[in-house]
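Listed here are the chains, written in short residue letters.
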Amino acid sequence: MLRRLRQSVRLKLFVLMLATTLVALVTAVAALVVYDSGDYHDRVVGDLTTQADILGRSSVAALAFDDPVAARENLALLKVRPSIREAAIYNDAGILFAAYGGEGHTAPDVPAKPAFEGSRVQGNDIILFHKIVENGRERGTVYLRARYELTNRLLDYLRILGAVSALSLLAALLISAFLQRGITQPILDVTDVAHGVMNSRDFSRRARKTTEDEIGYLVDAFNNMLAEIGRRAEALLKADRMKDQFLAMLAHELRNPLAPISNGLHLLEAAGAKPEVAVQARAMMGRQVKQLVRLVDDLLDVSRITTGKLTLRTEPVDLRSVIDNAVEIARPVIDTRRHRLSVDCPKDPLYLEGDATRLAQVFSNLLNNAAKYTPPGGTISLHASVEGDRVKVIVVDSGIGMTPETLDEVFEMFTQANTAIDREQSGLGVGLALARYLVEAHGGSIEATSEGMGKGSRFVVRLPLARAVQPKAGRPAPVEWGLTSGHRILVVDDNRDFAASLAMILRDLGNEVRVEYDGLEGLSAAEAFQPTIAFLDIGLPGISGYELAKRMRGGGLDEDSLLVAVTGWGQKDDKARSTAAGFDYHVVKPLDPAELPKILRIAAEHRARVHGT
Amino acid sequence: MGALRAFTAAVLALVFALNVFGIPDARAQAETDRALEQRVKAAFLYRFADFVIWPDTAFAKPDSPFVIAVAGADGVADHLRTITAGRSVGGRPIEIRRVGASDPVPTAQILFISGSDRARLREHLRAAPRYSLVVSEVEGALEQGSVINFVIAEDRVRFEISLESAEKRGLRLSSRLLAVARNVRGSP
């Protein structure tokens, strides 16, 4: 019963109603009993006193003229009052004058003389002695003994309470059955739907709303939550599907460049003879490696965006240089597909507050996209203009265009047009998503429009112009070449191919190079070799690159030696950690060979500064 | 059986009489029946005053005393003096008067004519003032105009009443008095 009570709202309501009714009843009866018992006593005493007074007055003459017979006749009238069991009259001297009651009215229990004045309750009886006073003189006393039926009255009340309780129980049952329709039924409906949803995972079910009260509100809220859960479940499923698709595509995209690279290697190994074949193979392999690097860069960007770690290095940049860079990046794809590209940009410099590299990425992604989704020999145009306090850059192609549905999704991560023309250059489907993210991070906006399938696409980017512009004097000076030879260089990396290829390039530049593959060997080599530059991997077997750098710095290495951390991790705190370990320079893999002369030059300048030469 | 009953009644009457007067048993036993009867009658005479209403004109002055006159029964008069000592009726002091054989009938509110001499009774009745409650103790006195007449019934002093006479004399008798009367003549 208690268990059912805890689980059933209906039963709770019923018990509540019953308990309330019973408490009210008991309280009312208790109050009535308390009041009535006092009232009953007063009434009985008052009644008996009146009776005694009438008896006394009518017996005054009998007492005065010594006529007990007349007195007895008066008392005999009490026959009509069966509750009065005994009565007596005493004269003014307190001597029994006339009596009434008992078997055959012999009145054996009548007291011999008045015991007290007033009334007293004795067991189930009440006894009253009442003085007869007339014309200021005491004439005698009347004695009455009557039944005092308080207990019986209480029993009567209990019986009434019992009967009324039974009736109210019945009424509570009926009312609760009636109310259940208004209160419990809607709740039960919701509960049913909740059960159904839990069992079948069917979020399209809805509870029926039958009332406008709090329960109605609850039903609405419940239904809204179901709708929300349904939406989220669907979104999760969709995201899951997209991730699956993305993984499949990623594998495919990463696999694609590997085949030509592998073929190129074969050619290089087998050929040896024909130099023109080797040149072609190297060029082809270089393109494929670039494609691989681009894919991984995109992946890293996606990872940075989703983890919120993408940071912009903002500075005033000229839109013109940004667009030039973007065109330069996209040029190979455009040329490969024989598109005609026209760029129309205002002559005057337009300064933006932004990250030059990332902005170039935005436009190169747009141009790449246009090139990919336009049949070979198409036209692509980039048009930049000022619009109020913003610049507007429009990229238009004569490509396959988009349906209105695709327009909605084109900026979503991992989305691609299903009808990619050239799978070879299709990418990961993150280019436009990155573009949108970067544009918005710069406080701009991007939108896509298309007249429909086959009618080309049009992307519009709007970016805020910088307010107060202090342009840097011209472009950064080109890297000086020179001072790149004659170094003693130590390379420590457990990736033997990378280490070997790096060593090869450095030797080619005219340096003495030594290669080690783990941390401890690297340390002993450093002591023996005393390098002027050391390229150290961070994730080394034995001791880590950080530890190695620390020990090398502590182990008598020339203080003018340059330590370069070469690592796959390029986050800010990674750099801070390498600086703390004693590195002078931090480069992220893959190390661009074009960067090497710059590092060597810095090392030479560093050395010259320390030695004061 | 009858004798026993009579005896019991007599004893009861005696006991009640004693109770009424509150006289110690020792003295009561010494008294004769006659004396007892006189004491009872004296007490009754005094008590009639409680159950009779006299008009104001029954008194000469507002402060006139309440007079009880006793003709031919000095013993009764003496008892009355004892009983009424220090008492009053309706705020009036009580005055007891003996009326000798040759005395004129005085103005009294209650006039007790003792004895069984009907001639004397007739005389006194004629002489009695209008508002006098005439009490007698002879059989047939009511017919002659007496208002209350003592009788002895079952060895007890009882009385009978003539409402007719009371009315003639302008007196109003309490129904409670009528209730204990042995006999009431003339319907109220």
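Residues numbered from 1 in each chain as written. Chains lettered and ligands numbered in written order. Predicted model: local features only at pLDDT ≥ 70, side-chain atom pairs only at ≥ 80, totals over all residues. Heavy atoms only, no water.

1. Observations concerning the packing of helix α9 (residues 356–372) of chain A against helix α11 (residues 431–441) of chain A
Residue and element names in this part refer to chain A.
Part 1 of the reasoning: Packing of α9 against α11 leaves a shortest axis separation of 9 Å and a crossing angle of 145°. Once α9 is placed against α11, the crossing between them reads as left-handed. Residues Arg 358, Gln 361, Val 362, Asn 365, Leu 366 and Asn 369 of α9 form the contact with α11, whose participating residues are Gly 431, Leu 432, Leu 434, Ala 435, Leu 438 and Val 439.
Part 2 of the reasoning: When grouped by side-chain class, the residues that make up the contact of α9 with α11 number seven nonpolar, four polar and one charged. (Axes fitted to C-alpha atoms, helices over the stretch in contact; angles between N-to-C directions. Helix = DSSP H or I, 4+ residues; strand = E, 2+ residues; numbered from the N terminus. Left-handed = near helix turned anticlockwise from the far one by under 90°. Contact = heavy atoms within 4.5 Å. Nonpolar A, V, L, I, M, F, W, Y, C, P; charged D, E, K, R; others polar.)

2. Observations regarding the pattern of salt bridges
Part 1 of the reasoning: Summed over all chains, the structure comprises 40 salt bridges over all chains.
Part 2 of the reasoning: A salt bridge links Glu 37 of chain B to Arg 34 of chain B; the nearest nitrogen and oxygen atoms lie 3.6 Å apart. Residue Glu 37 of chain B and its partner Arg 34 of chain B are located together in helix α3 (residues 33–51), separated by three residues, close to a single helical turn.
Part 3 of the reasoning: Arg 34 of chain B sits in the partly exposed class, given a relative accessible area of 43%.
Part 4 of the reasoning: In the salt-bridge network here, residues are joined through shared partners; they are Asp 36, Asp 39, Arg 43 and Arg 153 of chain A. (Salt bridge = Lys/Arg side-chain N within 4 Å of Asp/Glu carboxyl O. Buried < 20%, exposed > 50% of the residue type's maximum accessible area, 1.4 Å probe, protein only.)

3. Let's talk about the confidence of the model for chain A
Residues and elements named next belong to chain A.
Part 1 of the reasoning: Residues with a pLDDT of 70 or more make up 91% of chain A, whose mean pLDDT is 82.
Part 2 of the reasoning: In this model, residues 419–425 is a region of pLDDT below 50 whose contacts with residues beyond four sequence positions or in other chains number 19 contacts.
Part 3 of the reasoning: This stretch, residues 470–482, has a pLDDT under 50; its non-local contacts, to residues over four places away or in other chains, come to nine contacts. (pLDDT = per-residue confidence, 0-100.)

4. With respect to the nonpolar core
Part 1 of the reasoning: Counting 70 residues, the largest nonpolar core has Phe 65 and Leu 144 of chain A together with Phe 48, Trp 54, Leu 133 and Phe 159 of chain B as its most contacted members.
Part 2 of the reasoning: With residues up to four places along the chain from it excluded, the contact list for Leu 144 of chain A reads Leu 48, Gln 51, Ala 52, Leu 55, Leu 78, Ile 84, Glu 86, Ala 87, Ile 126, Ile 127 and Leu 128 of chain A.
Part 3 of the reasoning: Counting residues in hydrophobic clusters, the runner-up holds 44 residues, among them Leu 310, Ile 334, Leu 341 and Leu 438 of chain A. (Core = buried A, V, L, I, M, F, W, Y, C linked by side-chain atoms within 4.5 Å.)

5. Points about the sheet that holds strand β12 (residues 457–464) of chain A
Residues and elements named next belong to chain A.
Part 1 of the reasoning: Pairing is mixed in the open sheet, where five strands are placed in the order β7-β9-β10-β12-β11. The sheet is open, and its two edges are formed by β7 (340–344) and β11 (445–450), each paired on a single side. Strand after strand, the sheet turns through a mean of 15° between neighbouring axes, direction not considered.
Part 2 of the reasoning: Here five bridges tie β7 to strand β9 (residues 379–387), and the two strands are oriented parallel to one another. Counted as the bridge partner of Ser 342 is Ser 381 from β9.
Part 3 of the reasoning: Along the sheet face, helix α8 (residues 319–336) touches β7, β9 and β10 (390–397) and points at about 180° away from the line of β7. (Pairing = 2+ DSSP bridges.)

6. Examining the packing of aromatic side chains
For any pair of aromatic rings, the description consists of the separation of the ring centres together with the inter-plane angle of the planes.
Part 1 of the reasoning: Applying the stated criterion across every chain yields a total of 16 aromatic pairs over all chains.
Part 2 of the reasoning: With centroids separated by 5.5 Å and ring planes inclined at 45°, the aromatic side chains of Tyr 40 of chain A and Tyr 148 of chain A adopt a geometry described as tilted. On the criterion of sequence distance, the pair formed by Tyr 40 of chain A in helix α2 (residues 9–64) and Tyr 148 of chain A in the loop between β5 (137–147) and α4 (150–182) is long-range, its members being 108 residues apart. Summarising the burial analysis for this pair, Tyr 40 of chain A and Tyr 148 of chain A share the class buried.
Part 3 of the reasoning: With a centroid separation of 4.9 Å and an interplanar angle of 85°, the aromatic rings of Phe 116 of chain A and Phe 129 of chain A are classed as edge-to-face. Here Phe 116 of chain A is found in the loop between β2 (96–101) and β3 (118–122), whereas its partner Phe 129 of chain A is found in strand β4 (residues 125–134), with 13 residues between them in sequence. With respect to class, Phe 116 of chain A is no different from Phe 129 of chain A; both count as buried.
Part 4 of the reasoning: Site record: aromatic cluster; members linked through ring pairs are Phe 65 of chain A together with Phe 44, Phe 48, Phe 51, Phe 112, Phe 150 and Phe 159 of chain B.
Part 5 of the reasoning: Against the face of Phe 116 of chain A rests Arg 120 of chain A, its NZ or CZ located 4.0 Å from the ring centre. (Phe/Tyr/Trp six-rings, centres within 6.5 Å; stacked < 30°, edge-to-face > 60°. Lys NZ or Arg CZ within 6 Å of the ring centre and 35° of its normal.)

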